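Tertiary structure, described
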Amino acid sequence: MTGQGPARRRRASRLHPVRVAVLTLFCLVLSGTAGAAAYFFPVVVAGVGQTGQTVVVPPSRSPGVQATPAPSAAPGTPFTVLLLGSDDDGKNQSPLTQSMILIRVEPATKHVTMLSIPRDLWVPLSTGGSAKIDAAYAYGGAAAAIATVERNFHVHIDEYAWVGLKGLIKLIDRLGGVDLLVTNPVLDDAYPDDIDTKFLYGYKRVAVLPGFQHLDGSHALQYVRSRHNDINGDFGRSARQQQVLLAIKAKASTLNVADLPDIVDTLKGNFKTSMGLDRIRNLLGVATAFDLANVKQVVLYACPSGCYTSYDHGAAYGGQSVVIPHWSMVLAVTKANFP
Amino acid sequence: MILRRIAAILFLPVMLAFGSGVYLYLGTLKSKVVQSRPVLPIATKPKFVLPGTMFVVQEGRLFKLEAGSFTEIGPGGDWSQPTLTPDHTRLVAVMRSGFSSDLYLLDLGGHVLKRLTKNDSRYIDLNHWAFYPRISPDGANVVYSFDSPKTNGVDLSVWSMPLNGAQSQARRLTDPYYYTGGDISPIPLAGGGLLFVRHSIDPSTAVHSRIYYQSRALAIAKPLTTEADDCSQAALSPDGTQLAMVCSHGKQTAALEVAPFTGTALGPPRVLLDGGLYASPAWSPDGKALAYFAPQGQAGHFQLWWLPLAVTPTPSPSVAPTPTPASAPVQVTEGVDLSATSPPAWY
């Protein structure tokens, strides 16, 4: 009998209501955390697989230009992102970049500057030789694209982000479309018919009519990708790409953290970046806070005189139609906007 | 001991339910704007009853708005840009098909009476676009934008053909700037003149839209608005004395403006609304109000809006009255996604 007394007391103390309450609370927190972890699991997977891509930028061979391995910018300081957009339709194992946009973000002032780089610009590549700048990514991936832009434009790039065309369509559709002003009829008799089709080299006719309108992903892509009937060629297309980028930003500002799994699922396989989750979170914070009035858009235009670049073609360029940069003018623009 | 095990076993479903509840709750926190999906007009009830009858388009389908309710008209297909004949007995609308678009004559119930153009071809380069049909005030001709000739890129010119004739009788009225997209939105005038929107590119390569007047076919066109104004989507009032238009002034938002129109020239414009995404204004049958499209909130889908106008008498008899908004715009539809590039046809 004397031995049963302490045992009964121990049992009673284990079942004390406070202990039961604490244990219950712990179990609920544990199960709630498990539920949240399951919800954000795709984000974690993408965070591991698609963000924080390591790129090793080869050292600069141009005197006076420093190519620095990304990432290097400290949190809160201005940083520059090279946004790359390209085919991901399987036409080429190493796709050309159809879009190259330098974006400088100043978190403190919430200012953003965007500079579109013409894809046909004839430049020395970081991988050797000269070619259109859109080939840099095809020859050496993101590292070559970054190094080529850094060396030719004398800018420092902290991060890069790559989006495939299908990813752009899916992202815009996931956002429920974008609103923008189509400035003039965009008519193209030779628009690439290479999305969700077996024959990747076909063409089709497209017509995007002018005016304010709501565009879904495929029509927005037609608007940013068409260039055959634009007197500004790729330069006009660059301006439209920036326009759609801002429209996406405007729509994305309505997102919250609970939308992340859907967005990640949408961009699966169509998005890569050197940015880590911390930098992406900072960038999203800036994106939701900055005003369109604080966005400066810069496009390098081609015109006969007094402009930054000019067209040329011929045997010296492999018979290709290329854009020859007037570097003194180009560098003045980049220096002013990307100090 | 057994009691604790039973309690633990009974608590497991509670944990599972709580974890699932957290998962589901997080799902409810998703952006409502992004989740917002439009519905067809026939599934909605307009918040305001407009006078008369109006034809609008959503997702390639034609809808009639009459006495405060929508009905769908027309056969299947990718329809857009309906316009009325002057006697309000028939419609002409655009139907896209493959790589081309054609004009069709329909009755007000949406039944096809006649195919006016045949622009499709098995050879991709021989396909054509026809857009922006308008019927001349005498009802004899349909005036429209057509991408021919295609010798210098694909640009739209304004063409005219007899409503009861054949496409082979069509003749070109305007000569656009090449590689700009061309001339669109024609409005045939009673005196034989023509209003239309022409696109141009300035020396800095910025794209502009201007409203032009042209007295006859292929005559030199006179700009009625400046490049800096970037005006387009003109709509002539029923009495022909006022022109409503959307002017973006080089920005990504626009102003809805109305200017007196003498028949060949525009007076000073009055801004009715500014800073929005306004599209495709149309005059009410009595000329005392405008309907137009603009997005609803952040969701972005374009809704129908109604803006009553007050006519302010002006001292000069030579200048038409200047309208000013009598009240704030009234949202007519909610939750739909009307085609902002298809102006309402209203009588």
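Conventions we followed
- Residues numbered from 1 in each chain as written.
- Chains lettered and ligands numbered in written order.
- Predicted model: local features only at pLDDT ≥ 70, side-chain atom pairs only at ≥ 80, totals over all residues.
- Helix = DSSP H or I, 4+ residues; strand = E, 2+ residues; numbered from the N terminus.
- Buried ≥ 20, exposed ≤ 12 C-beta atoms within 10 Å, placed from the backbone.
- Contact = placed C-beta atoms within 7 Å.
- Pairing = 2+ DSSP bridges.
- Axes fitted to C-alpha atoms, helices over the stretch in contact; angles between N-to-C directions.
- Nonpolar A, V, L, I, M, F, W, Y, C, P; charged D, E, K, R; others polar.
- Domains from an automatic or database assignment.
- pLDDT = per-residue confidence, 0-100.
- Expected span 1.5 Å × (residues − 1).
- Bend = angle between axes of the 7 residues up to and from the residue.

Observations regarding the overall build of chain A
Summing up its helical and strand segments, chain A has nine helices and 14 strands in all. Burial analysis of chain A (339 residues in total) assigns 43% to the buried set. Of all intrachain contacts in chain A linking residues separated by at least 6 positions in sequence, the fraction that spans at least 24 positions is 66%.

Examining the overall build of chain B
When its secondary structure is counted, chain B shows two helices and 25 strands. Its C-alpha atoms put chain B at 100 × 60 × 50 Å along the principal axes. Expressed as a percentage of contacts within chain B between residues at least 6 apart in sequence, the contacts between residues at least 24 apart total 43%.

Side note on the sheet that holds strand β4 (residues 78-84) of chain B
Residues and elements named next belong to chain B. Pairing within the open sheet is antiparallel, and its four strands lie in the order β4-β5-β6-β7. Each edge of the sheet is formed by a strand with only one pairing partner; in this case those strands are β4 and β7 (112-115). Ignoring which end each strand starts from, the neighbouring axes of this sheet average 30° apart.

Section: the environment of W159 of chain B
Relative to the helices and strands, W159 of chain B resides in strand β10 (residues 157-162). Each C-alpha atom, one on W159 of chain B and one on A93 of chain B, is 16 Å from the other, the two residues being 66 residues apart in sequence.

Remarks on the environment of G275 of chain B
Mapping G275 of chain B onto the fold places it in strand β19 (residues 270-276). Sequence separation between G275 of chain B and S339 of chain B is 64 residues; the distance between their C-alpha atoms is 20 Å.

Concerning the pairing of strand β9 (residues 141-146) of chain B
Residue and element names in this part refer to chain B. Counting buried residues along β9, six of its six residues qualify, which places the element largely inside the surrounding structure. Residues N141, V143 and S145 point to one face of β9 and V142, Y144 and F146 to the other, with burial holding for every one of them. Inspection of the sheet shows strand β8 (residues 130-135) paired to β9 by four bridges, in the antiparallel sense. When the bridges of β9 are listed, A130 appears paired with F146. Connecting β8 to the antiparallel partner β9 that follows it, the hairpin turn spans five residues, and G139 within it adopts a positive phi of roughly 75°. Of the strand pairs in this sheet, β9 and β10 are connected by six bridges, and their pairing is antiparallel. If you follow S145 over to β10, its bridge partner there is V158.

Focus on the interface of chain B and chain A
On the chain A side, the residues contacting the 56 residues of chain B number 45 residues. Mapped by element, the contributors of at least two residues to the side of chain B that touches chain A are α1 (2-28), α2 (32-35), β13 (194-201), β14 (207-214), β16 (231-236) and β20 (279-283) of chain B. The element that contributes the greatest number of residues to the side of chain B that touches chain A is α1 of chain B, accounting for eleven residues. By residue class, the composition of the side of chain B that touches chain A is 29 nonpolar, 23 polar and four charged.

Section: the domain arrangement of chain A
The accessible area lost on association of the parts is a frequent measure of interface size. Domain parsing of chain A yields domain 1 (4-49) and domain 2 (79-337). Contacts between domain 1 of chain A and domain 2 of chain A engage six residues on the former and five residues on the latter.

As for the confidence of the model for chain A
All names here are of chain A. Of the residues in chain A, 81% have a pLDDT of 70 or more, and the chain-wide mean is 81. Per-element averaging of pLDDT across chain A places helix α1 (residues 4-14) at the bottom with 56 and strand β10 (residues 211-215) at the top with 95. A low-confidence stretch, residues 61-71 stays under pLDDT 50, and its non-local contacts, those more than four residues away or across chains, total 28 contacts.

Looking at the sheet that holds β19 of chain B
All names here are of chain B. Here we have four strands laid out as an open sheet, ordered β16-β17-β18-β19, and antiparallel in their pairing. Each having just a single partner strand, β16 and β19 make up the two edges of the open sheet. Sheet twist, expressed as the mean angle between neighbouring strand axes with direction ignored, is 20°. The pairing of strand β18 (residues 254-260) with β19 spans five bridges and is classified as antiparallel. Residue pairing for β19: A255 is matched across the bridge by D274.

A look at the pairing of strand β2 (residues 97-106) of chain A
Residue and element names in this part refer to chain A. Most of β2 is tucked away: eight of the ten residues are buried. By the bridge criterion, eight bridges tie strand β1 (residues 79-86) to β2 in an arrangement that is antiparallel. Pairing of L82 across the sheet is with L102, part of β2. Where β2 and strand β3 (residues 111-117) come together, seven bridges link them in antiparallel fashion. Within the sheet, the bridge partner assigned to I103 lies in β3 and is M114. Linking β2 back to β3 in an antiparallel pair, the connection comprises four residues, with K110 at a positive phi of about 55°.

Considerations on unusual backbone geometry
Residues and elements named next belong to chain B. Geometrically, the link from S148 to P149 is a cis peptide bond, its omega value of 0° lying close to zero. Tracing the backbone through its elements, the reader meets P149 in the loop between β9 and β10. The phi dihedral of Q81 falls on the positive side, at around 50°, and the residue is not glycine. Assignment of secondary structure puts Q81 in strand β4.

Observations concerning helix α2 (residues 17-49) of chain A
An ideal rise of 1.5 Å per residue puts 48 Å on 33 residues; α2 of chain A measures up with 46 Å between its terminal C-alpha atoms. At F40 of chain A, α2 of chain A is bent by approximately 55°, the largest bend along its length, and proline P42 of chain A sits one to four residues beyond. Looking only at α2 of chain A, the buried set comprises S31, G35 and Y39 of chain A. Close packing links the buried residues of α2 of chain A with α7 (260-266) of chain A together with α1 of chain B.

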